[in-house]
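# Structural features, examined
Spelled out, the chains give:
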Amino acid sequence: MKEINILVTAAGSALSQGIIKCIKASSLICRIVACDAQPYAAGLYRAQAAYLVPLARDNHFIDEIIRICQQESINLIMIGTDYELLTFAESKERIELETQAKVVVSSPEVIRIADDKWLTYLFLAKHGFPAIPSALPDDVDALIEKEGFPLIVKPRIGDSSKDTFVVHNPKELNEILDSLLR
């Protein structure tokens, strides 16, 4: 069986730690190369080779990923953080043309929907999946009339429970919306 060279990005993230652990526990013959923007990322020290890279929003990020893939003969790229997904999705064709690596990532359209809570709601509703009743700030009065209080307020874009609020009345709702929309 041929060795598979796998690049695991964002090596300090919990997801990357899980990816590395699963690769090591598998019966595959793999060489793990890890990269991260932070020198103390744990995954950098659990791989056979490690690289520091700029953040995904940096203009040189993909150039650096391609350089690593070429230098390490990478066959597969496993992305370890949501913050890198869109950058990799938008650059997938270039990476795969310039290296022998396959990038495991969804399309930019799918990532944009998944990153945006409102677009996710619209997608679920359009395709007949159960979806929690939702509204944008301009249409919140109709939601209140239909659902009442309490309501959960979250930004469209964001992760985990950051800036998540339970509001019990119009006054709380307006205060939260004002603070989030500034």
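## Let's talk about the pairing of strand 2 (residues 30–36)
Each regular strand carries side chains that alternate between the two faces of the sheet. Of all 7 residues in strand 2, 6 are buried; the element is thus mostly enclosed. Direction of pairing for strand 1 (residues 4–8) relative to strand 2: parallel, over a ladder of 5 bridges. Residue Ile-4 lies in a different strand from strand 2, and its bridge partner there is Cys-30. Since strand 1 and strand 2 lie parallel, the crossover through helix 1 (residues 14–25) that links them has a hand, and here it is right-handed. In this sheet, strand 3 (residues 49–52) lies alongside strand 2 in parallel orientation, the contact comprising 4 bridges. Bridging across to strand 3, Cys-35 finds its partner in Tyr-51.

## Notes on the sheet that holds strand 4 (residues 76–78)
One open sheet holds the 5 strands; their spatial order is 3-2-1-4-5, and the pairing between them is parallel. Where the open sheet ends on each side, the last strands, each with one partner, are strand 3 and strand 5 (102–104). Across this sheet, the average inter-strand angle for adjacent strands is 20 degrees, counted without regard to direction. Docked against the sheet, helix 1 engages strand 1, strand 2 and strand 4, running at close to 165 degrees with respect to strand 1. The strands touched by helix 3 (residues 82–98) are strand 4 and strand 5; relative to strand 5, the strand with the most contacts, the crossing angle is about 165 degrees.

## Some words on the layout of surface pockets
Taken as a whole, the largest pocket encloses approximately 770 Å³ of empty space. Together, 26 residues line the largest pocket, and Ser-134, Ala-135, Ile-152, Val-153 and Lys-154 are the ones closest to its centre. Secondary-structure elements contributing two or more residues to the lining of the largest pocket are helix 5 (117–126), helix 6 (140–147), strand 6 (151–153) and helix 7 (170–181). For the lining of the largest pocket, the leading source of residues is helix 5, giving 5 residues. Looking at the lining of the largest pocket residue by residue, the classes come out as 20 nonpolar, 2 polar and 4 charged.

## Topic: the nonpolar core
Note on soluble globular proteins: their nonpolar side chains tend to be buried together. Of all hydrophobic cores here, the largest spans 23 residues; its most connected members are Leu-7, Ile-65, Ile-77 and Phe-88. Counting residues per element, the ones that place at least two in this core are strand 2, strand 3, helix 2 (61–72) and helix 3. The contact partners of Ile-77, leaving out residues within four places of it in the chain, are Leu-7, Thr-9, Ile-65, Cys-69, Phe-88, Ile-95, Ala-101, Lys-102, Val-103 and Val-104. Ile-6, Ala-11, Ile-20 and Leu-44 belong to the second largest nonpolar core, which has 12 residues in total.

The rules behind the values
- Residues numbered from 1 in each chain as written.
- Predicted model: local features only at pLDDT ≥ 70, side-chain atom pairs only at ≥ 80, totals over all residues.
- Heavy atoms only, no water.
- Buried < 20%, exposed > 50% of the residue type's maximum accessible area, 1.4 Å probe, protein only.
- Helix = DSSP H or I, 4+ residues; strand = E, 2+ residues; numbered from the N terminus.
- Pairing = 2+ DSSP bridges.
- Right-handed = clockwise from strand over helix to strand, strands pointing away.
- Axes fitted to C-alpha atoms, helices over the stretch in contact; angles between N-to-C directions.
- Contact = heavy atoms within 4.5 Å.
- 1 Å grid on protein atoms, 1.4 Å probe; cavity = no way out; pocket = protein on both sides within 12 Å on 5 of 7 lines; lining within 4 Å.
- Points joined across faces, edges and corners; volume = space filled by probe spheres on them.
- Nonpolar A, V, L, I, M, F, W, Y, C, P; charged D, E, K, R; others polar.
- Core = buried A, V, L, I, M, F, W, Y, C linked by side-chain atoms within 4.5 Å.

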